[in-house]
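# Topology and contacts: notes
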Amino acid sequence: MATIDTLNYISQQLNIYLGLFMFIFGLIGSCWNILIFRHYSLRLSSYCTYILILSIASLIQLLFNLSDRIIDQGFSIHWTIYNIAWCKLRYYIAQCTSLIALSCLVYSSIDRFFSTCHQIKWRRLNSVYIAKQICLFTILFWMIITIPTLIYVKPIQLTTDHCVCQSSSLIWSKIIIYFFNLCCYGIFPWVFMSLFGFLTWKNTRQIRNHRVGVISTMNLTRMARFDDQLASMLFLQIIICIISSIPFCIQNIYYCLTQTISTNLYRQAQENLFFQIAYLIFYFNYISTFYSNYLSSDIFRHVSKEVLMNLCKKREDVSREITMINHQENNHKQLDKRRYNIFTI
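Owing to the predicted nature of the structure, the values given are computational and were not obtained by experimental measurement.

Of the regular secondary structure elements, the protein chain holds 13 helices and two strands. Residues counted as buried form 47% of the 345 residues belonging to the protein chain. A sequence separation of at least 24 residues applies to 78% of the contacts in the protein chain between residues at least 6 apart. Roughly 18200 Å² of accessible area belongs to the protein chain as shown, and the carbon and sulfur atoms make up 67% of that amount.

In structure tokens form, the structure reads like this:
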């Protein structure tokens, strides 16, 4: 049986090695996403707008939250808890960016649903202008909602040798646990992403069936391949989001059920190990977007390579893959408009 020191050592090493691994690859993926989706050839896509804001929020989340966890839990340098201003600011920024990132992930699934709807009134919601307004509103909304974090969070001395940065208000602590941790980080993203992912898949199949008698086999194959890859990117992100959030939500439910039960040091070491594992797994929400897109779409792989190779070239030197995608999207919209004149009531 593992001893208390062994369990604590495993928790520390996980934060050092797995934390550093996730931090490095998360920075690379987030920066790569920002470089790709801020390209002028991709700014006409509302989906790219959501992924761009998600990548920026994920990058800030990694810099402010995961890095501090590695320093604090891994290297045992507790510099955050001795600075009240930094304790409040770090907790506030980490909470805001995590909620903004998950919100944009949900919006991207809703955006894919609107882009495959049959009715024009729903497809009109699939626009860059609306996407920017929604992102701006979401940022302001979470910044205002989480203001109590700046007020109540501070370093709290739990024992003589253990000090943590957490809320000093019992009510706000309950709100964080039950509303933010359980609902905003778990239930709400699961429900909305699963629902709109299924509706997108259903609409995509219907659109493909309608196209059979309208366009040539070659064009059908190209468009079906493009739609399938967008769906694959979305579905893989949904799966990663659900899987990475389940341990975190289980840990929070367990904490709610056992917070009034006194435990021995060995049990505390076991709980701390599971807590560290659940938290690290949850960070896959913020580091996996680029890699899931890269693995599930060969078009995304070609575009990412071409964009990076053309970063230093002139503005008019557009990569062939990006131009191909833009032409596909334009042809897609033109064919949909023709079909809507026939099928839309």
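As a further point, take the nonpolar core. The biggest cluster of nonpolar side chains holds 38 residues, and the ones touching the most others in it are Leu66 and Phe180. Counting residues per element, the ones that place at least two in this core are α1 (4-37), α2 (46-74), α3 (84-115), α5 (128-145), α7 (170-211), α8 (217-258), α9 (265-282) and α10 (284-287). It is α3 that provides the largest number of residues to this core, a total of 10 residues. Setting aside anything within four residues of it in sequence, one finds leucine 66 in contact with Gly19, Met22, Phe23, Gln61, Leu280 and Tyr283. Ile34, Ile36, Tyr47 and Leu52 belong to the second-largest nonpolar core, a separate cluster that totals 11 residues.

A separate point is the state of the cysteines. Here, the word disulfide means a covalent bond between the sulfur atoms of two cysteines. Taken as a whole and assessed by the stated rule, the structure comprises one disulfide. You can see cysteine 184 has no disulfide; the closest cysteine sulfur is in cysteine 183, sitting 6.4 Å from it.

Let us now look at the UniProt feature "transmembrane region" (unreviewed entry) in the protein chain. UniProt feature "transmembrane region" (unreviewed entry): in the numbering of this structure it lies at residues 16-35, 47-64, 92-114, 134-155, 175-201, 230-254 and 274-295. The span residues 16-35 shows a helical share of 100% and a strand share of 0%, and its end C-alpha atoms are spaced 28 Å apart. Secondary structure across residues 92-114 comprises 100% helix and 0% strand; the distance between its end C-alpha atoms is 33 Å.

For the pair α1 and helix α11 (residues 289-296), the least separation of the axes is 8 Å and the interaxial angle reads 70°. It follows from the interaxial angle that α1 and α11 lie roughly perpendicular. Together, Phe25, Ile28, Gly29, Trp32, Asn33, Ile36 and Phe37 of α1 and Thr289, Phe290, Tyr291 and Asn293 of α11 make up the contact between the two elements. When the residues that make up the contact of α1 with α11 are grouped by side-chain class, the tally is seven nonpolar, four polar and no charged.

Below, the discussion takes up the packing of aromatic side chains. A full pass over the atoms with the stated rule returns 24 aromatic pairs. A ring pair is formed by phenylalanine 248 and tyrosine 279, whose centres lie 5.1 Å apart and whose planes are at 85°; its orientation type is edge-to-face. Of this pair, phenylalanine 248 sits in helix α8 while tyrosine 279 is found in helix α9, placing the two residues 31 residues apart along the sequence. Summarising the aromatic geometry, the rings of phenylalanine 290 and tyrosine 294 are spaced 5.6 Å apart at their centres and angled 35° between planes, so their arrangement reads as tilted. Remark: tyrosine 294 and phenylalanine 290 occur in helix α11; sequence separation between them is four residues, near one turn of the helix. Looking at phenylalanine 290, the relative accessible area reads 2%, which means it is buried. Residue classification places tyrosine 294 among the partly exposed residues on the basis of a relative accessible area of 22%. Its guanidinium or amino end placed over the ring of tyrosine 279, arginine 69 lies 4.3 Å from that ring's centre, counting from NZ or CZ.

Cut-off values and rules
- Residues numbered from 1 in each chain as written.
- Predicted model: local features only at pLDDT ≥ 70, side-chain atom pairs only at ≥ 80, totals over all residues.
- Heavy atoms only, no water.
- Helix = DSSP H or I, 4+ residues; strand = E, 2+ residues; numbered from the N terminus.
- Buried < 20%, exposed > 50% of the residue type's maximum accessible area, 1.4 Å probe, protein only.
- Contact = heavy atoms within 4.5 Å.
- Areas by Shrake-Rupley, 256 points an atom, 1.4 Å probe, with all protein chains shown as cover.
- Core = buried A, V, L, I, M, F, W, Y, C linked by side-chain atoms within 4.5 Å.
- Disulfide = S-S within 2.5 Å.
- UniProt positions renumbered as here; feature names shortened; annotations may be inferred.
- Axes fitted to C-alpha atoms, helices over the stretch in contact; angles between N-to-C directions.
- Parallel < 35°, antiparallel > 145°, perpendicular 65-115°, else oblique.
- Nonpolar A, V, L, I, M, F, W, Y, C, P; charged D, E, K, R; others polar.
- Phe/Tyr/Trp six-rings, centres within 6.5 Å; stacked < 30°, edge-to-face > 60°.
- Lys NZ or Arg CZ within 6 Å of the ring centre and 35° of its normal.

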